Amino acid sequence: MGYDAPMTQASSATANLPDRVRDQLQTLLDDLQRHRHRALLVLQQMQAVQQAEDLLQAFNLNPVLRVSDQLEQALPPARARTQLGREYRAILFDARRGDFDADGFGAVAGTLCGGGVLLLLLPEADPSSIGNTPFMQRLRRILNNHPAAYQLTDDGLLPAPKAENGVAEAITVPAPFRTPDQQQAVADIIDAACATEARPLLLVSDRGRGKTAALGLAAAELLQQTLTRILVTAPRLTVAEPLFEHAATQLGGAVRSRAALHWQDRSLAFVAPDALLQETPEADLLLVDEAAAIPLTLLQQLLDHYPRVVFASTIHGYEGTGRGFALKFRQLLDRQAPGWRELTLGTPIRWATGDGLEACIDRLLCLDAELAEPPAAIRFDECRVESIATAELLDDDDHLSALFALLVSAHYRTRPADLRQLLDDPALRIYGLFQQQHLLGAALVSEEGGFDAELGAAIHRGERRPPGHLLAQTLSFHAGDSQAAQLTYARIMRIAIHPQLQRRGLGGRLLQAVIEREQDRVDAIGTSFAATADLLRFWQQAELWPVRIGFSRDHVSGLHAAVMLRPCSAAGQQLCRRLRRRFQQSIGVWLQDSLGDLDPDLQQALLSQCIDDDSAFSAEDAQQLLAYARGERGMEASLWPLKKLLRDHGDRLALLEPEQAAVIRARLQDGLDWAHTAQLTGCRGRAEAQQLMREGVADWLAGLQA
């Protein structure tokens, strides 16, 4: 619910603040209170923490949220999203180390109420400091020039605040609503749930417009009327937490659990997107929050199965969604659900329209980045691929905004942290596809690997996981190649083409140009992505080949990650040959086991890589299984050599302990999953069955060696 703070008056604790600072702060806070606006105060002196605490105490700014990795009893930035739906009068965000958590900053800024102040603690502006990164340079430049940002110095505020006339216009709506927009949204959700003809409803808004609360209020009203079971899905349970809180306030006697709310004989329950599609539980209504953070393929399947569904999505927000989603999702709705309706919530809940801090945060984190209109006609002879240097982006904010908007439109997980990586990561290379001045597409490439033998061996054993080296770690540890971490890679992290220009060959053109420029620098070029048959074919056209596929579904996309590789050097050729052959030998048994639920088109695409292997169980196979027995590999990755061991030396199972042999037969010979294997063999659970199998394989191999 709302927090209506009283007019701020300075307390007796102002003795620690100089008179000029105290008077200017009083003027600023009074003005913010009258207009229900917010401001940002930058503190970067040595005593920044003490100054901030003096200010909070002097002006009685409560409730206050402290976000820091250094201060006691403060919320770590990594947990900032847990505060979504809450409201504060002041926020102290500690970024003195220079490791600015852009995601955490964007998340908590939306919890600050009108009349409130965001205190941002920065390291001193020293050009030689480790915190003086390009991202921080841009942040300081914007803060030094934005009208909603003030610098707190020993001499006062810069710029000096000026009292403005007028007050915020009062908004009158019946409880529990906060704005007319929210009241209308609840009415439209109820209509969508109860209408004779099922038609999807799409709610869109910027952050802080109360759409999640509207979902919760509508759910409560519908449960009180006629519905008995409402399901909620979102990228994470924490995203939907405010929905449950608002529903609970309207349902007296409701019983809350971590992911559900029960009222009388009716329920409101959260189910993750991937589980929702696997289990397809029945529901009278499905509510999808932050739909833009869920891949379109999943939304399409949800739309197929649940005729009564309400989608809600942030167009600008810390999730980094943007207009690209809205464009593609509306096209999907046009095809699959003619007659669907849309409602835009425009009025902020916690602050008044025209709030300067919102504009400031949007600029800092590129949340307001909008896709430019593409050229009317594509002329391939005029298209060119150019490297984009960080210095270019730092000097030209329009260029940076255009690039970030393009990346946001093409990927469902672009966040403010990606903006910081874009500017600060020295291992990142950026390529742009241009027609004259128009940016048609972009590619991000990360340089990875190149570890020495000692660290490479530790990565192979799973003892070390250096951040930012996805290919080196995945191919060494998960794919089980002992030399992989010592090679160098160019991982193509993103290929983004303007949504209105896709499927015209521009992506392939950009990819080929990137390969030409990267291939002489590294041993191999690779990529990792949520696998679909179309994407697999796209990368294969550029002669990248699958060498690994994940055995579990991503909790948001519901898809399995694929790794594809193209060799560039002699060492890369040898690595790719080893990994590809192992993949080709294993994919057939994987598709009959852990990957049996893959999309049929993807299964067919992967089966085309399969080869028949009638070779005998070898020393190399034994080495892989020793790693499995030691717990350094998963069973799925070791499935093909396990099958070969069973085929060639199954007679030696009789020499093992009966419990070991029973688990091995159930899991390998009968093809049961772990749950049924444990049940059949009398194990107390999955973990005990897995341990018995590892021990059995170790004894099996020891017997062969003897």
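Higher on the page you've got the structure.
Reading the values: the criteria
- Residues numbered from 1 in each chain as written.
- Predicted model: local features only at pLDDT ≥ 70, side-chain atom pairs only at ≥ 80, totals over all residues.
- Heavy atoms only, no water.
- Buried < 20%, exposed > 50% of the residue type's maximum accessible area, 1.4 Å probe, protein only.
- Helix = DSSP H or I, 4+ residues; strand = E, 2+ residues; numbered from the N terminus.
- Contact = heavy atoms within 4.5 Å.
- Polar contact = N/O pair within 3.5 Å; in protein donor to acceptor, adjacent residues only side chain to side chain.
- Axes fitted to C-alpha atoms, helices over the stretch in contact; angles between N-to-C directions.
- Parallel < 35°, antiparallel > 145°, perpendicular 65-115°, else oblique.
- Left-handed = near helix turned anticlockwise from the far one by under 90°.
- Pairing = 2+ DSSP bridges.
- Phe/Tyr/Trp six-rings, centres within 6.5 Å; stacked < 30°, edge-to-face > 60°.
- Nonpolar A, V, L, I, M, F, W, Y, C, P; charged D, E, K, R; others polar.
- 1 Å grid on protein atoms, 1.4 Å probe; cavity = no way out; pocket = protein on both sides within 12 Å on 5 of 7 lines; lining within 4 Å.
- Points joined across faces, edges and corners; volume = space filled by probe spheres on them.

1. Notes on helix α15 (residues 453–460)
For step 1, the next point in the chain: Along α15, the residues classified as buried are Leu455, Gly456, Ala458, Ile459 and His460.
For step 2, the next point in the chain: In the core, the buried residues of α15 are packed alongside α16 (470–478).
For step 3, the next point in the chain: In this structure Asp452 caps α15, since a side-chain oxygen of it lies 3.3 Å from the backbone nitrogen of Glu454.
For step 4, the next point in the chain: Gly462 sits one or two positions beyond α15 and adopts a positive phi of about 85°.

2. Side note on the packing of helix α3 (residues 102–109) against helix α11 (residues 356–365)
For step 1, the next point in the chain: Following both chains from N to C, one finds α3 and α11 inclined at 160°, their axes separated by 11 Å at the closest point. By the angle between their directions, the pair α3 and α11 is classed as roughly antiparallel. In the crossing of α3 with α11, the sense of the turn from one axis to the other is left-handed. Facing Ala102, Phe105, Gly106 and Ala109 of α3, the residues of α11 in contact are Ile361, Leu364 and Leu365.

3. Considering the pairing of strand β11 (residues 266–270)
For step 1, the next point in the chain: The buried count for β11 comes to five of five residues, which makes it a mostly enclosed element.
For step 2, the next point in the chain: Residues Arg266, Leu268 and Phe270 line one face of β11 and the alternating positions Ser267 and Ala269 line the opposite face, and both faces are buried.
For step 3, the next point in the chain: Pairing of strand β8 (residues 229–233) with β11, which is carried by four bridges, proceeds in the parallel orientation. Residue pairing in the sheet places Val232 in a bridge with Phe270 of β11.
For step 4, the next point in the chain: Sheet topology places strand β10 (residues 260–263) next to β11; four bridges connect them, and they run antiparallel. Looking at the pairing, Leu261 lines up with Leu268 of β11.
For step 5, the next point in the chain: If you look at the hairpin formed by β10 and β11, you'll find two residues sitting between the two strands, and Gln264 has a positive phi there, around 55°.

4. Points about the side chain of Thr111
For step 1, the next point in the chain: For Thr111, the position within the fold is in the loop between α3 and β4 (112–121).
For step 2, the next point in the chain: In contact with Thr111, other than residues within four places in its own chain, are Leu65, Gln83, Leu84, Arg86, Glu87, Tyr88, Ile91 and Arg350.

5. Describing the sheet that holds strand β21 (residues 561–567)
For step 1, the next point in the chain: Sheet architecture is open: seven strands sit in the order β15-β16-β17-β18-β19-β21-β20, paired in mixed fashion. Only two strands of the sheet have a single neighbouring strand rather than two, namely β15 (383–388) and β20 (545–549). Sheet twist, expressed as the average angle between the axes of neighbouring strands with direction ignored, equals 30°.
For step 2, the next point in the chain: Relative to β21, β20 runs antiparallel, the two sharing four bridges. Counted as the bridge partner of Trp545 is Leu565 from β21.

6. What to know about the packing of aromatic side chains
For step 1, the next point in the chain: In the structure shown here, the tally under the stated rule is nine aromatic pairs.
For step 2, the next point in the chain: Ring centres of Phe93 and Phe105 lie 5.1 Å apart, and the angle between their planes is 75°; this geometry places the pair in the edge-to-face category. Placement of the pair is Phe93 in strand β3 (residues 88–94) and Phe105 in helix α3, with a sequence separation of twelve residues.
For step 3, the next point in the chain: Owing to a relative accessible area of 1%, Phe93 belongs among the buried residues under this scheme.
For step 4, the next point in the chain: In this structure Phe105 comes out as buried when scored by relative accessible area, which is 0%.

7. Description of the packing of helix α21 (residues 619–629) against helix α22 (residues 639–649)
For step 1, the next point in the chain: Relative orientation of the contacting elements α21 and α22 amounts to 115°, with a least axis distance of 9 Å. Handedness of the α21/α22 crossing: left-handed. Residue-level inspection shows Asp621, Gln624 and Leu625 of α21 in contact with α22, the latter providing Pro641, Leu642, Lys644 and Leu645.
For step 2, the next point in the chain: Its residues assigned to classes, the contact of α21 with α22 comprises four nonpolar, one polar and two charged.

8. Some words on empty space enclosed by the protein
For step 1, the next point in the chain: Per the counting criterion, the structure on display carries six cavities of 30 Å³ or more.
For step 2, the next point in the chain: Approximately 410 Å³ is the volume attributed to the largest cavity.
For step 3, the next point in the chain: Around the largest cavity sit 25 residues that line it, and Gly85, Gly208, Thr212, Pro242 and Arg350 are the ones nearest its centre.
For step 4, the next point in the chain: Put simply, the parts of the chain that give the lining of the largest cavity at least two residues each are α6 (211–225) and α7 (237–250).
For step 5, the next point in the chain: Of the residues contributing to the lining of the largest cavity, the split by class is seven nonpolar, nine polar and nine charged.

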